[in-house]
Amino acid sequence: MGGRNGTLELQIAVQSKLRLTPNAALIIASIIALSAFLISAWIAMHQPWLGISLADSEKGLKVVEVADNGPSTSILSPGDIILKLAGLEGSATELQSRDIIEDADNIPTLKERDIFLERQSSIYHILLQPVVSLILDDGRVMRVQPQNHRPLSSIPVSFWLLISYSFIALLVGAAIWSVKQQSSVAKYLLISGLGVVCLLNSANIFTSRELALEGAFYLWAIFFYHLGNDLFTLGMIGLVWNYPRPIARFPILSVLIVFMLFFILNENMEWMELPGNSVLIQVPAYWALGIILVAAQWVRSRGNPVDRAATKLLTMTLLVIIFIIAATDLVSVFTSEAPEISLTDSFSALFIFYITLTLAVYRYHLFDIDRDRKSTRLNSSHIPLSRMPSSA
């Protein structure tokens with residue numbers, strides 16, 4: 001018995017050393033979220049700035065707001081329609097409503113997306129010039145000196161909302177994982193939280209732009225935006241596949257990774273045109289898979305009130321996320337029109353999901369957090385098995 005106890009003591013000691021304390025896990029998660037925020041904020045602030053807010057119009061772009069003490073103060077007024085943009089060199093570039101589109105995924109084809117990115121580069125390099133000419137619909141030509149950097153106060157409220165959502169997602173995932181580090185479900189929640197941080201901070205880069213980003217840089221932002229979405233999806237599919245009970249012994253996530261890699265490569269190599277720039281394939285496929293898995297868990301939980309309650313929670317939150325995101329991504333691609341709600345509003349579904357998880361852990365003891373918290377404290381006490389009372 002002494003040898004067996006010694007082996008178990010060694011295993012517990014190794015596991016204790018490998019485990020992060022809850023405080024350490026939360027500190028590391030906070031550093032990751034903060035680092036992502038600082039990167040996206042630095043990028044957002046280091047862009048040429050005219051000091052105006054724009055909206056689409058029948059012709060050109062409409063000025064809806066002029067920042068106080070900005071480059072365009074006393075030069076432009078709300079209601080002005082800008083038809084063209086020109087620098088000191090080169091011809092004028094006509095402005096289109098698509099130039100200020102929030103999400104390039106709403107552009108139906110890769111060819112059209114490439115044109116959009118080329119236009120973004122062209123406009124961006126015009127804005128880098130010391131003086132920019134704005135040609136209005138009434139024939140006036142207004143000259144503005146863009147600032148090389150935009151002030152922190154000019155960053156839109158939506159930017160800060162997405163930052164708060166990303167912090168909440170990662171901290172919730174890290175908090176659950178910190179007390180269930182051996183649980184695959186907790187690992188999937190942590191992966192989903194990391195995906196949200198990548199997703200929302202990348203989205204912040206292009207949604208907070210005033211008018212344009214350099215095209216190649218925009219493309220990198222799209223790449224990390226999609227990478228974050230894929231990580232979140234993997235985490236969610238892993239969650240519903242394994243919780244409350246594993247559905248089957250099948251490498252579902254491996255299959256999903258291969259599926260995702262194909263779309264990532266196709267998007268960057270442009271092997272073939274797919275419906276809706278792949279949005280009409282990937283998004284419905286992921287949500288359909290999620291609904292099928294939740295339905296399977298619902299059937300399997302019959303006769304088990306605890307499992308049925310957990311499945312009901314996942315079903316409701318999943319349906320809310322699907323409804324809100326489908327209202328932006330899919331409808332806009334089908335109709336080729338701007339979505340009815342903003343990208344920031346659609347991401348509020350993620351906020352709802354993680355807040356619901358937090359409340360469920362507190363109110364319904366979801367994932368058996370209380371039991372594992374006690375186990376964590378017991379393991380951290382390093383009590384040798386030889387000193388623990390043995391059963392008769």
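Residues numbered from 1 in each chain as written. Predicted model: local features only at pLDDT ≥ 70, side-chain atom pairs only at ≥ 80, totals over all residues. Heavy atoms only, no water.

Peer 1: I keep staring at the pattern of salt bridges and nothing clicks. Help me out?
Peer 2: Two side chains carrying opposite charge are able to pair once their charged atoms lie near each other. Across all of its chains, the model carries 6 salt bridges by this definition. The partner of R119 in a salt bridge is D99, and the shortest N-O contact between them spans 2.7 Å. Of this pair, R119 sits in helix α3 (residues 110-127) while D99 sits in the loop between β4 (93-94) and α3, placing them 20 residues apart in sequence. The exposure classification of R119 matches that of D99, with both residues buried. The salt bridge involving R113 is made with D114; its shortest N-O contact spans 3.7 Å. Here R113 falls in the buried class, since its relative accessible area comes to 2%. Sharing partners across several salt bridges, the network here consists of D80, D138 and R140. (Salt bridge = Lys/Arg side-chain N within 4 Å of Asp/Glu carboxyl O. Helix = DSSP H or I, 4+ residues; strand = E, 2+ residues; numbered from the N terminus. Buried < 20%, exposed > 50% of the residue type's maximum accessible area, 1.4 Å probe, protein only.)

Peer 1: Hey, could you run me through unusual backbone geometry in this one?
Peer 2: Note: most residues except glycine have negative phi, and most peptide bonds are trans. Residue P244 is bonded to the preceding Y243 through a cis peptide linkage, with omega at 5°. Tracing the sequence through the fold places P244 in the loop between α6 (215-242) and α7 (252-269). In the Ramachandran plot, S74 falls in the positive-phi region, its phi being about 70° despite a non-glycine side chain. Along the polypeptide, S74 turns up in the loop between β2 (61-66) and β3 (81-86).

Peer 1: Is there a simple way to explain the environment of L343 in this structure?
Peer 2: Of note, L343 is situated in helix α10 (residues 343-364). Among the residues examined, L343 registers a relative accessible area of 6% and is labelled buried. Sequence spacing of L343 and A203 is 140 residues, and the spatial spacing of their C-alpha atoms is 8.6 Å. For L343, the contacting residues outside a window of four places in its chain are E102, D103, A203, F206, T207 and Y225. (Contact = heavy atoms within 4.5 Å.)

Peer 1: Hey, could you run me through the packing of helix α2 (residues 22-45) against helix α4 (residues 157-179) in this one?
Peer 2: Between two packed helices, the angle of one axis relative to the other and the distance separating the axes together describe the packing. Closest axis-to-axis distance for the α2/α4 pair is 9 Å, and the angle between their directions is 160°. Here α2 lies roughly antiparallel to α4, going by the angle between them. Read as a crossing pair, α2 and α4 show a hand that is right-handed. Here α2 contributes P22, A25, L26, A29, S30, I32, A33, L34, F37, S40, A41 and A44 to the contact with α4, which in turn contributes F159, W160, I163, F167, L170, L171, A174, A175, W177, S178 and V179. (Axes fitted to C-alpha atoms, helices over the stretch in contact; angles between N-to-C directions. Parallel < 35°, antiparallel > 145°, perpendicular 65-115°, else oblique. Left-handed = near helix turned anticlockwise from the far one by under 90°.)

Peer 1: Looking at this structure, I do not really get the pairing of β3. What am I missing?
Peer 2: Side chains on a regular strand alternate between the two faces of the sheet. Strand direction decides the pairing type here: β2 and β3, joined by 2 bridges, are antiparallel. Counted as the bridge partner of L61 is I82 from β3. With 4 bridges joining them, β3 and strand β5 (residues 132-136) adopt antiparallel strand pairing. The partner of K84 across the bridge, within β5, is I135. As defined by bridge partners, β3 adjoins β4 across 2 bridges and the pair is classed as antiparallel. Bridge pairing links L85 to T93 in β4. Turn length for the β3-β4 hairpin, with the two strands adjacent in sequence and antiparallel, is 6 residues, and the turn residue G90 shows positive phi of about 85°. (Pairing = 2+ DSSP bridges.)

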